[in-house]
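# Remarks on the overall topology
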Amino acid sequence: MTKRVCVIGAGAAGLAAAKYSLAQGLEVEVFEQTNSVGGTWVYSEQTGCHSSMYQNLKTNLPKEVMQFRDVPFRSELPSFLTHEDVLEYLQEFSRGLPINFNQTVESVERIDNMWKVTTHHGTGINEQLFDIVFVCNGHYFEPNNPYKDNDFQGTLIHSHDYRRAKDYIDKEVIVIGAGPSGIDIALQLSDTARKITLISRKATYPTLPENITQISQHVKKVVENGCETDDGTVITADTIIVCTGYFYRYPFLNDEILQVKENNQLVSPIFEHVVHADYPDSLFFIGLNLVTITFPLFEYQVKMALAFATGKAPIPDRQVLIDYERNQIEHQKSRGLETRFYHLLQNEQWEYLRRIAKIGGFEEWPYMKTIENITQYLHEQRKSNVIGYKNINFKLSDDGMDYEVVRC
């Protein structure tokens, strides 16, 4: 009998899970709580919703790095895309997939050797049994805001609710956090705000617009008129935008099945960031990792999961699955990372991709080497020219195994 696959979420990860499952002859149902595909790439003027997109966002990675295998972005597009470009790409990629829109997954329960998935669709409740579940609900919808309890007299928001720079004309703004969102928002605000103060231990960019000041410290607390850093310095502002990342959240799975540890930043018990240690042939999580190339990584993770689900690759011994978490925590510590960065890959993503391809017994994508080279080149460009690196365009060789840089 053909195995049935449930995919939770129709963002990029969910679409990859659905497409590859169908390609292996499995029966697939995708459940999406909104009325469209795209997940985090769907822009909404509304705040406090699933979307974390802002109006003039350009991707931090170029299209040459983001594409699914054998599905390039339109050739006439620049390397760094708008969110509209990415959404259009995902809409095209989703054509023909069995997606149930406006259906929220309420619970996923283990019944004998099956998964009972309960969904709510506005007019009632539906229950179905599945052999395999892919959890692809994303992790950019539950803001991690350590400063939400404060006495600030101005406006304080998480970057999740930032939409446009014109809302901050002539304001004095503090941006807490200098990761991709923090620096991107600070640069956008430099065109409209009077003064921006970027506060983070990572705030060490060599060149920024004149109205952006960097303070390479941690914000100890938010006070009535601004922020106080660890050394006691108080910086005043009208507005504070907190860019401190997100929590993982799975309201449809109970604590007996899944635990989210370390202040909701470590999903457990998961082998290689994908495979549930207790249900290694049927419960998978796609896209948990941070600071990665996203779409191609999703494909590799789905392929490894399907190799386990269909018996095409041997599942490691249970002790190996269970020990992974402890070993990963120790490994991250050896990198100087706290346990809350458990899912952070960064420059280790290339070895990770090679490893899960070997575990899953599938052939690596030769173009991945080009993706690695472009990503490493951009890492250096971003450090030296964070203002202008998104003006770079890449031109691939005919075989896609080499590239040249075109500035515009």
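Residues numbered from 1 in each chain as written. Predicted model: local features only at pLDDT ≥ 70, side-chain atom pairs only at ≥ 80, totals over all residues. Heavy atoms only, no water.

Structurally, the α-helix is built with 3.6 residues per turn, so residues lying three or four positions apart point the same way. Within helix H4 (residues 180-189), 8 of the 10 residues are buried, which leaves the element mostly enclosed by the surrounding structure. Against the buried residues of H4 lie strand S9 (172-176), strand S10 (195-199), strand S11 (212-215) and strand S15 (239-242). (Buried < 20%, exposed > 50% of the residue type's maximum accessible area, 1.4 Å probe, protein only. Helix = DSSP H or I, 4+ residues; strand = E, 2+ residues; numbered from the N terminus. Contact = heavy atoms within 4.5 Å.)

Attention shifts here to the sheet that holds strand S13 (residues 226-229). Judged by pairing direction, the sheet is antiparallel, and its 3 strands sit side by side in the order S12-S13-S14 without closing on themselves. Every interior strand has two partners, whereas the edge strands, strand S12 (219-223) and strand S14 (234-236), have only one. Within this sheet the neighbouring strands show an average axis-to-axis angle of 25°, counted without direction. (Pairing = 2+ DSSP bridges. Axes fitted to C-alpha atoms, helices over the stretch in contact; angles between N-to-C directions.)

Bringing the nonpolar core into the picture now. Within the largest apolar cluster, 97 residues are counted, with the highest numbers of intra-cluster contacts made by Phe134, Leu189 and Phe295. Looking at this core element by element, the count peaks at 11 residues for helix H5 (residues 295-309). In contact with Leu189, other than residues within four places in its own chain, are Tyr162, Ala165, Tyr168, Val173, Val175, Ile196 and Ile241. In terms of nonpolar packing, the next biggest core, distinct from the first, is built from 21 residues, Phe31, Val105, Phe130 and Leu258 among them. (Core = buried A, V, L, I, M, F, W, Y, C linked by side-chain atoms within 4.5 Å.)

Right, let's get into a negative patch on the surface. On the surface, Asp398, Asp399, Asp402 and Glu404 cluster together into a patch of negative charge. Here Asp398 shows up in the loop between strand S21 (392-396) and strand S22 (403-407). (Patch = residues over 30% accessible without salt bridge, like charges linked within 9 Å, V, L, I, M, F, W, Y side chains within 5 Å. Areas by Shrake-Rupley, 256 points an atom, 1.4 Å probe, with all protein chains shown as cover. Salt bridge = Lys/Arg side-chain N within 4 Å of Asp/Glu carboxyl O. Lys, Arg positive; Asp, Glu negative; His and termini not counted. Charge placed at Lys NZ, Arg CZ, Asp CG, Glu CD.)

In this section: the packing of aromatic side chains. Counted under the stated rule, the structure contains 21 aromatic pairs. With centroids separated by 5.1 Å and ring planes inclined at 50°, the aromatic side chains of Trp365 and Tyr367 adopt a geometry described as tilted. As far as the burial class goes, Trp365 and Tyr367 line up, both buried. Aromatic side chains Tyr377 and Phe394 sit 6.1 Å apart centroid to centroid with 85° between the ring planes, which places their arrangement in the edge-to-face category. Of the two residues, Tyr377 sits in helix H8 (residues 368-384) while Phe394 sits in strand S21, which places them 17 residues apart along the sequence. With a relative accessible area of 8%, Phe394 lands in the buried category. The side chain of Arg110 reaches across the aromatic face of Trp115, ending 4.6 Å from its centre. (Phe/Tyr/Trp six-rings, centres within 6.5 Å; stacked < 30°, edge-to-face > 60°. Lys NZ or Arg CZ within 6 Å of the ring centre and 35° of its normal.)

What follows is about the domain arrangement of the protein chain. Along its sequence, the protein chain is carved into domain 1 (4-141 + 246-365), domain 2 (145-242) and domain 3 (369-407). Domain 1 puts 15 residues into the contact, and the matching count from domain 3 is 14 residues. In total, about 1,300 Å² of surface goes out of reach between domain 1 and domain 3, with carbon and sulfur atoms giving 62% of it. Area buried by domain 1 at its contact with domain 3 is led by Glu64, Phe80 and Trp350, which between them contribute 44% of it. Where domain 1 touches domain 3, the interface holds 1 salt bridge. Note that Glu372 is salt-bridged to Arg354, the shortest N-O span being 3.7 Å. (Domains from an automatic or database assignment. Buried area = accessible area lost by both parts, 1.4 Å probe.)

This part takes up the state of the cysteines. Taken as a whole and assessed by the stated rule, the structure comprises 0 disulfides. Free cysteine Cys243: the closest other cysteine sulfur is in Cys227, separated by 12 Å. (Disulfide = S-S within 2.5 Å.)

Our focus in this paragraph is the pattern of salt bridges. Oppositely charged side chains can form a pair if their charged atoms are brought close together. Considering all chains together, one arrives at 26 salt bridges under this definition. In this structure, Arg164 engages Asp167 in a salt bridge whose closest nitrogen and oxygen atoms are separated by 3.0 Å. Taken together, the salt bridges that share partners define one network made up of Glu351, Arg354, Lys369 and Glu372.

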